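# An overview of the molecular structure
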Amino acid sequence: MDHTEHIDKQSSAPLPGTLAERAAAEAAAFTTAVAATRVLRSPESVEALRLSYLGRKGKITALLEDLRNCSKEERPAAGKAVNVLKQTIEREIELLKTEAGAWQVAAKLAATPLDIHLPVDAWVPQGSLHPVTLIRREILGEFRRLGFTVYDGPEIDYDFYNFSSLNMPSDHPARDMQDTFYIKEQDHLLLRTQTSNIQIHCLLNEKPPLRIVAPGRVFRVDSDPTHTPMFHQVEAFVVDRGITFAHMKGTIDAFMKAVFGANMKTRLRPSYFPFVEPGAELDLQCVHCSGKGCRLCKQTGWLEVGGCGMIHPNVFESVEYDSEAYTGFAFGFGIDRMAMLKYKLDDLRTLFEGSYSFLGHFPIFT
Ligand code: DAH
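A word on the overall build of the protein chain. When helices and strands are tallied, the protein chain shows twelve helices and ten strands. Rg of the C-alpha trace for the protein chain: 45 Å, well past the compact-globule value of 21 Å for 366 residues, more than 25% over. C-alpha extents for the protein chain along the principal axes are approximately 130 × 45 × 40 Å. In the protein chain, which comprises 366 residues, the proportion classed as buried is 28%.

A separate point is the site of the ligand. Taken together, the neighbourhood of the ligand is formed by Gln194, Ser196, Glu235, Phe273, Val276, Gly306, Gly307, Cys308, Gly309, Ala330, Phe331 and Gly332. Listed by contribution, the elements that provide at least two residues to the shell around the ligand are β9 (302-311) and β10 (327-334). Ranked by the residues each element gives to the shell around the ligand, the list is headed by β9, at four residues. For the shell around the ligand, the residue count by class is five nonpolar, six polar and one charged.

The strands that make up a sheet are held in pairs by hydrogen bonds between backbone atoms, and each pair lies either parallel or antiparallel. If you trace the three strands from one edge of the open sheet to the other, you get β2-β4-β3, paired in antiparallel fashion. For this open sheet the edge positions go to β2 (156-158) and β3 (182-183), each flanked by a neighbour on one side alone. Alignment of β2 against strand β4 (residues 186-191), held across three bridges, turns out to be antiparallel. By the bridge assignment for β4, Asp157 is matched with Leu190.

Attention now goes to the environment of Thr133. Tracing the backbone shows Thr133 in helix α6 (residues 131-145). For Thr133, a count of 15 C-beta atoms within 10 Å puts it in the partly exposed group. For the pair formed by Thr133 and Ala339, sequence separation is 206 residues and the distance between their alpha carbons is 9.2 Å.

The element strand β6 (residues 230-240) is extensively covered by neighbouring structure, given that eight of its eleven residues are classed as buried. Relative to β6, strand β5 (residues 210-219) runs antiparallel, the two sharing ten bridges. Residue pairing in the sheet places Arg217 in a bridge with His232 of β6. The pairing of β6 with β10 spans eight bridges and is classified as antiparallel. From the neighbouring strand, Val234 faces β10, where its bridge partner is Phe333.

For the rest of this paragraph, the subject is the confidence of the model for the protein chain. Across the protein chain, the average pLDDT comes to 90, with 95% of residues at 70 or higher. When mean pLDDT is taken per element in the protein chain, helix α8 (residues 197-205) scores highest with 98 and helix α1 (residues 2-12) scores lowest with 42.

Let's shift gears to the sheet that holds β9. Spatially, seven strands are ordered β1-β5-β6-β10-β9-β8-β7 in an open sheet, and the strand pairing comes out mixed. Two strands close off the open sheet at either side, each with one partner strand: β1 (149-150) and β7 (266-271). Most of the contacts of helix α9 (residues 245-260) go to β10, to which it runs at about 30°, and overall it touches β6, β7, β8 (276-285), β9 and β10.

A separate point is the pairing of β8. Looking at chain direction, β7 and β8 are connected through six bridges and run antiparallel. Across the sheet, Ser271 pairs through a bridge with Gly279, a residue of β8. Connecting β7 to the next strand, β8, in antiparallel fashion are four residues. Summarising the sheet, β8 and β9 pair through eight bridges and their orientation is antiparallel. Paired with Val276 across the bridge in β9 is Ile311.

So, about the packing of α6 against helix α11 (residues 335-343). Interaxial distance between α6 and α11 falls to 9 Å at its minimum, and their mutual angle equals 95°. The angle between the axes of α6 and α11 places the two elements in the roughly perpendicular class. Facing α6, whose interface residues are Pro131, Val132, Ile135, Arg136 and Ile139, α11 presents Ile335, Asp336, Met338, Ala339, Lys342 and Tyr343. Class assignment for the residues of the contact of α6 with α11 results in eight nonpolar, no polar and three charged.

Moving on, we come to unusual backbone geometry. Pro209 follows Pro208 through a cis peptide bond whose omega is 0°. Considering the arrangement of structural elements, one finds Pro209 in the loop between α8 and β5. Put simply, Glu277 and Pro278 share a cis peptide bond, and its omega is -5°. Its place among the elements puts Pro278 in strand β8. Phi is positive for Arg41, which is not a glycine, with a value near 55°. Secondary-structure assignment places Arg41 in the loop between α2 (19-40) and α3 (43-54). Residue Glu320 is not a glycine yet carries a positive backbone phi of 60°. Among the residues examined, Glu320 registers 8 C-beta atoms within 10 Å and is labelled exposed.

About the criteria used
Residues numbered from 1 in each chain as written. Predicted model: local features only at pLDDT ≥ 70, side-chain atom pairs only at ≥ 80, totals over all residues. Helix = DSSP H or I, 4+ residues; strand = E, 2+ residues; numbered from the N terminus. Rg over C-alpha atoms; globule rule 2.2 N^0.38 Å. Buried ≥ 20, exposed ≤ 12 C-beta atoms within 10 Å, placed from the backbone. Near = placed C-beta within 6 Å. Nonpolar A, V, L, I, M, F, W, Y, C, P; charged D, E, K, R; others polar. Pairing = 2+ DSSP bridges. pLDDT = per-residue confidence, 0-100. Contact = placed C-beta atoms within 7 Å. Axes fitted to C-alpha atoms, helices over the stretch in contact; angles between N-to-C directions. Parallel < 35°, antiparallel > 145°, perpendicular 65-115°, else oblique.

See below:
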């Protein structure tokens, strides 16, 4: 009985100089050493701490050795105290090792200031804008200055928008000049042959007054030095009460002068397009010889760039507009042709071949 009582007392309050008491003292000393190591923040001090407790000549190793020599009565409590201390120290050292990794990274970052700049090589090729993109941006910019709004329409469209509502019914001979690609088993669907289809979409979706410019790709069954199966057009039109042929002439002239310079002259020649009446061919003074006559303009001094006219009453009627109340003009021209004239290119196909040695001559920005 005496014996049991003795052990109980010992485990709750170790006697001075006993192994358990020494373990408690080491536990307190270890806590202080850990705090000091955290101040030093070096992986070396963590390793030194580990060796001084857990190494071959360390304090825990010494306590474990002393355990062998202590009395039978003392041993259970002392053994427990030393083992608990050993586990606590091992856990704490592992934690410090992890922290030491972070200390190292932080020290490195503090020593080398972070340079967030990529090395600059002024000669890295920067690419350039395609000539068609350049001229399209310029064309739309000039139209915007004249108060026009840019409008878009589908490249795959119904016969109704591309032909029949533009006064080109299915038996109309003018269709022969615009043969195109049809969608298999959907014979009313086709690749549009002209951006004029946007007139119909716009008239149906919006209300006058309308001042619209509509760029886009168009398609035809054509392929030779001056024709590609795909090319680009711009359609411009104005619809309101009281619009006249004079408005059209003035708009075309102002636009061409803005793109080609104040001395540029334009000319209209009577012509036929099914969706306008009266209709005209739109000519530009030759950009090469300024009207004197050369090979480019076949000695005429003029270059044909597009068509124009007053919107035909049948077009208005096909979209249920009152053609007595509203009038309008429309004109259309090829963007690729404009690029050729502006940048003095002699083969249309160079625009679509994707050769970098050709395209690299154009600027990056407009
Ligand atoms: N869409 C015609 C074509 O591709 C060009 C054209 C002619 C457009 C006369 C017009 C116009 O708006 O009035 O050949």
